[in-house]
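Each chain, letter by letter, is given below.
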Amino acid sequence: MGESKATTTKDNNIPLIDLSLLNSPNNSSSADSIASLAAEITEACETWGCFQVINHGVPVEQSRAIESAARQFFDQPKDEKKKVWRYERNPLGYHDSEITMNVRDWKEVFDFTVQNPTLFPASPDPHDLELRELVNQWPQFPPQFREVCEEYAKEIEKLGYQLLELLSLSLGLPRQRLNHFFKDQTSIVRFNHYPPCPNHPGQVLGVGQHTDSGALSILAQDDVGGLQVKRKWDGEWAPVKPNPHAYLVIICDIFQVWSNDKYESVVHRAMVNSEKERISIVFFFYPAHYTMVEPLEELINDRNPPKYRPYNWGKFSAARRRSNFTKNNVGRIQIDHFKL
Ligand SMILES: O=C(O)CCC(=O)C(=O)O
Ligand SMILES: [Fe+2]
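Residues numbered from 1 in each chain as written. Chains lettered and ligands numbered in written order. Predicted model: local features only at pLDDT ≥ 70, side-chain atom pairs only at ≥ 80, totals over all residues. Heavy atoms only, no water.

Looking up the chain in an unreviewed UniProt entry gives the name 2-oxoglutarate-dependent dioxygenase, with the organism given as Camellia lanceoleosa.

Below, the structure written as structure tokens:
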């Protein structure tokens, strides 16, 4: 008999975690049941660097409303969308020319922040202490676009905190250990729209392989499919099958640093479809701009010394944004630059 190395999660199925314990009306979650949820998350993060959640508490009407608003917005002529064009001083709104790892992506995007306005460094220069207020740009059409986005942001932020607390427990830390980093959060909700790509579907990527730079990303996608995550144990691409009831939770670079590499951010990409357009909606949970990101002191010791030197989230993120505008991200800043 061949030896079986299969564990519960090391197959082709991204772990599915049920959060009904936290989101049912009369939830009487005991410490034990929360601990077992946290243990599921530990395994998922170590094995995959991502997991799906169901019974996540975000009302279905709100996810439907935001998907429909995104679709109606992108369906407009380019000139209409350009009325909320993002520019370097205020990088929120619409744009269509993102570059991932030096390759132009086949997509258009609309971004808004969860806190409006959001305080952010004016430049990546570490000596420049000037801050700027980033202000959302709301389109006139579809009507209620702004309300739909703001309502959704409140719900997805609640889920973000629930996941943050479970992740903190999953690392053996107090439940609210990480919450303070998000007091003045710089989080963004992003709509990604990938038009059909009839000519070169094999060569063009909707978004090239990358890791997300924040703490976690919470991703919803429509029924077309195309998102893939890289399996950590063999480097193969695994498709994330569309599930209208689930979000994909992605461990991002900040968790990799906080956990001193116990959790690694997951590499992912989106393929284009030759016939169908595709939409995804991502919540990027980002801490306050002044956050110094470094391995958490409780998780390091003589045998496990810090693997990263501290970096400033706002400056890091400003440098990433600058490289999007210069359309040249050769040497784009990565957490590897802070590796000890
Ligand atoms: O559209 C997708 O499924 C992936 C999007 C993504 O990875 C991103 O926006 O960072
Ligand atoms: Fe991503």
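## Points about the nonpolar core
Here is the rule we go by: As used in this record, nonpolar core signifies buried Ala, Val, Leu, Ile, Met, Phe, Trp, Tyr and Cys residues forming a set joined through side-chain atoms within 4.5 Å. Throughout, exposure labels follow a simple rule: accessible area from a 1.4 Å probe, protein chains only, divided by the maximum for the residue type, with under 20% read as buried, over 50% as exposed, and the rest as partly exposed. Strands are runs of DSSP state E lasting at least 2 residues, helices are runs of H or I lasting at least 4, and numbering of each runs from the N terminus. Note on definitions: a residue-residue contact is assigned when non-hydrogen atoms from the two residues lie within 4.5 Å.
Phe 110, Phe 191, Phe 255 and Trp 258 are the most contacted members of the largest nonpolar core, which totals 85 residues. With 10 residues, the single largest contributor to this core is helix H5 (residues 145-170). When residues no more than four places from it in sequence are discounted, the contact partners of Phe 110 are Phe 73, Phe 74, Val 84, Gly 93, Tyr 94, Gln 137, Trp 138, Pro 139, Phe 145, Val 189, Arg 190 and Phe 191.

## Here's the deal with the packing of aromatic side chains
Filter applied, for reference: For Phe, Tyr and Trp, where Trp contributes only its six-membered ring, two rings pair if their centres lie within 6.5 Å, and the inter-plane angle classes them as stacked under 30 degrees, edge-to-face over 60, or tilted in between. Here, a charge over a ring means that NZ of Lys or CZ of Arg falls within 6 Å of the ring centre while also lying within 35 degrees of the ring normal.
Summed over all chains, the structure comprises 25 aromatic pairs. Considering the side-chain rings of Phe 145 and Phe 191, the 6.0 Å spacing of their centres and the 75° angle between planes classify their relative orientation as edge-to-face. Separated by 46 residues along the polypeptide, Phe 145 in helix H5 and Phe 191 in strand E9 (residues 188-194) bring together distant segments of the chain. Judged by relative accessible area, Phe 191 falls into the buried class, the value being 0%. Site record: aromatic cluster; members linked through ring pairs are Phe 73, Phe 74, Trp 85, Tyr 94, Phe 110, Phe 112, Trp 138, Phe 145 and Phe 191. The ring of Trp 85 has Lys 82 lying over it, and the distance from NZ or CZ to the ring centre is 5.5 Å. One residue, Arg 321, lies across the ring of Phe 120, its end atom 4.4 Å from the ring centre.

## Here we look at the sheet that holds strand E10 (residues 205-210)
The criterion, for reference: A pair of strands counts as paired when DSSP detects no fewer than two bridges linking them. Lines fitted to C-alpha atoms define the axes, with helix axes restricted to the stretch in contact, and inter-axis angles between N-to-C directions lie between 0 and 180 degrees.
Read across the sheet, 4 strands follow the order E10-E15-E12-E13 without closing on themselves; strand pairing throughout is antiparallel. Looking at strand neighbours, the two that pair on one side only are E10 and strand E13 (237-239), the edges of this open sheet. Direction aside, the axes of adjacent strands within the sheet are offset by 25° on average. With 3 bridges joining them, E10 and strand E15 (residues 268-271) adopt antiparallel strand pairing. In the sheet register, His 210 faces E15, and the bridge partner there is His 268.

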